[in-house]
Amino acid sequence: MTKRPRRVWDAAAAAFDEEPDHGLRDPTVRAAWARRLRAWLPERGCDLLDLGCGTGSLSLLAAEQGHRVTGVDLSPSMIDLARAKLAGRDAVFLRGDAAAPPVGEQRFDTLLVRHVLWTLPDPARVLRHWRGLVRPGGRLVLVEGVWGSVTPVGIPADRLTALLAPLTEHARVERLSQDAGLWGGAVTDERYAVVATV
């Protein structure tokens with residue numbers, strides 16, 4: 001994985017859901033992500049901000065669990081697909097930068113972000129901004145990892161938890177690499193989620 005400009009994501013949008021963990025079309029993969037979200041998100045419906053939402057696959061699972069979703073993505077093509085995927089659901093999709101989402105004064109109970117933070121140039125600054133978008137007692141759910149062995153990219157779990165320490169009350173790391181159901185097969189790189197309470 002590398003940092004990509006918006007036009008690359010626009011071009012990738014049509015085939016994006018073909019990856020098992022993107023489109024969640026396989027029932028096993030979909031069920032694995034639904035279980036994780038059920039554990040990470042509040043039991044009752046909440047206001048959820050899905051940053052870097054892509055085609056809206058995780059947004060759809062969250063909406064199916066009763067959450068009110070606002071999704072943000074830089075790619076207009078991704079946003080169009082997400083809107084179509086969640087048509088008729090309690091969901092709004094906005095085009096914008098995940099680092100500075102165009103939500104004005106709106107605040108959320110949960111921020112959900114998958115494989116986005118590592119692409120941003122100043123993760124510490126972004127996390128401070130995201131923290132300000134969460135209501136007291138809310139949570140950040142950050143799914144990240146480190147990919148590749150020769151020239152690895154990503155953000156290690158210990159670095160992310162260190163960045164979150166001054167911003168959150170509590171943060172727990174869940175290792176995800178061994179859960180092949182999430183990825184549509186075995187993976188060998190570092191994949192994890194941090195669930196942090198603010």
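Going by the structure above, here's the rest.
(A) Up close: the overall build of the chain. Each helix and strand in the chain was counted, giving eight helices and eight strands. Against the globule reference of 16 Å for 198 residues, the chain gives a C-alpha radius of gyration of 15 Å, in line with a compact fold. Counting only C-alpha atoms, the chain reaches 40 × 40 × 30 Å along its principal axes. Sorting the 198 residues of the chain into buried and exposed places 49% on the buried side. Contacts in the chain between residues far apart in sequence, at least 24 positions, make up 65% of those at least 6 positions apart. Accessible surface, the chain as shown: approximately 9,300 Å² in total, 50% of it carbon and sulfur.

(B) View of helix α7 (residues 157-164). Those residues of α7 not exposed but buried are Ala-157, Leu-160 and Leu-164. Looking down the long axis of α7, one finds its buried residues gathered within 65° of arc, a one-sided arrangement. Along α7, the residues that are exposed and aim more than 90 degrees away from the buried face are Asp-158 and Ala-162. Check the buried side of α7 and you find it contacts α6 (123-132), β5 (134-147), β7 (170-175) and β8 (190-197).

(C) Expanded view of the packing of aromatic side chains. Evaluated as defined, the whole model comprises three aromatic pairs. Taken together, a centroid distance of 6.3 Å and an interplanar angle of 75° make the contact between Trp-33 and Trp-40 edge-to-face. Residues Trp-33 and Trp-40 agree in their burial class; the two are buried. The interplanar angle of 85° and the centroid separation of 5.4 Å between the aromatic rings of Trp-33 and Trp-183 together place this pair among those described as edge-to-face. Of this pair, Trp-33 sits in helix α3 (residues 27-40) while Trp-183 sits in helix α8 (residues 180-183), placing them 150 residues apart in sequence. Residue classification places Trp-33 among the buried positions, given a relative accessible area of 0%. Put simply, the rings of Trp-33, Trp-40 and Trp-183 touch in pairs and so form one group of aromatic residues. If you follow Arg-114 out to its NZ or CZ, it ends over the ring of Trp-33, 4.7 Å from the centre. The residue whose ring lies beneath Arg-191 is Trp-183, and the NZ or CZ to ring-centre distance is 4.5 Å.

(D) View of the side chain of Ser-59. Counting through the fold element by element, Ser-59 comes out in helix α4 (residues 57-64). Exposure remark for Ser-59: the relative accessible area of 0% places this residue in the buried category. The residues touching Ser-59, leaving out its near neighbours within four places in the chain, are Asp-50, Cys-53, Val-69, Leu-86 and Phe-93.

(E) Inspection of the packing of α6 against α7 at higher detail. At a minimum axis distance of 10 Å, the contact between α6 and α7 shows a crossing angle of 50°. Comparing the axis directions of α6 and α7 gives the class oblique. Crossing handedness for the pair α6 and α7: right-handed. Seen from α6, the contacting residues are Pro-123, Ala-124 and Leu-127; seen from α7, they are Arg-159, Leu-160, Leu-163 and Leu-164. Here the residues of the contact of α6 with α7 are counted per class, giving six nonpolar, no polar and one charged.

Cut-offs and rules
- Residues numbered from 1 in each chain as written.
- Predicted model: local features only at pLDDT ≥ 70, side-chain atom pairs only at ≥ 80, totals over all residues.
- Heavy atoms only, no water.
- Helix = DSSP H or I, 4+ residues; strand = E, 2+ residues; numbered from the N terminus.
- Rg over C-alpha atoms; globule rule 2.2 N^0.38 Å.
- Buried < 20%, exposed > 50% of the residue type's maximum accessible area, 1.4 Å probe, protein only.
- Contact = heavy atoms within 4.5 Å.
- Areas by Shrake-Rupley, 256 points an atom, 1.4 Å probe, with all protein chains shown as cover.
- Arc of directions from axis to C-beta.
- Phe/Tyr/Trp six-rings, centres within 6.5 Å; stacked < 30°, edge-to-face > 60°.
- Lys NZ or Arg CZ within 6 Å of the ring centre and 35° of its normal.
- Axes fitted to C-alpha atoms, helices over the stretch in contact; angles between N-to-C directions.
- Parallel < 35°, antiparallel > 145°, perpendicular 65-115°, else oblique.
- Left-handed = near helix turned anticlockwise from the far one by under 90°.
- Nonpolar A, V, L, I, M, F, W, Y, C, P; charged D, E, K, R; others polar.

Everything listed is a geometric property; what it means functionally is a separate question.
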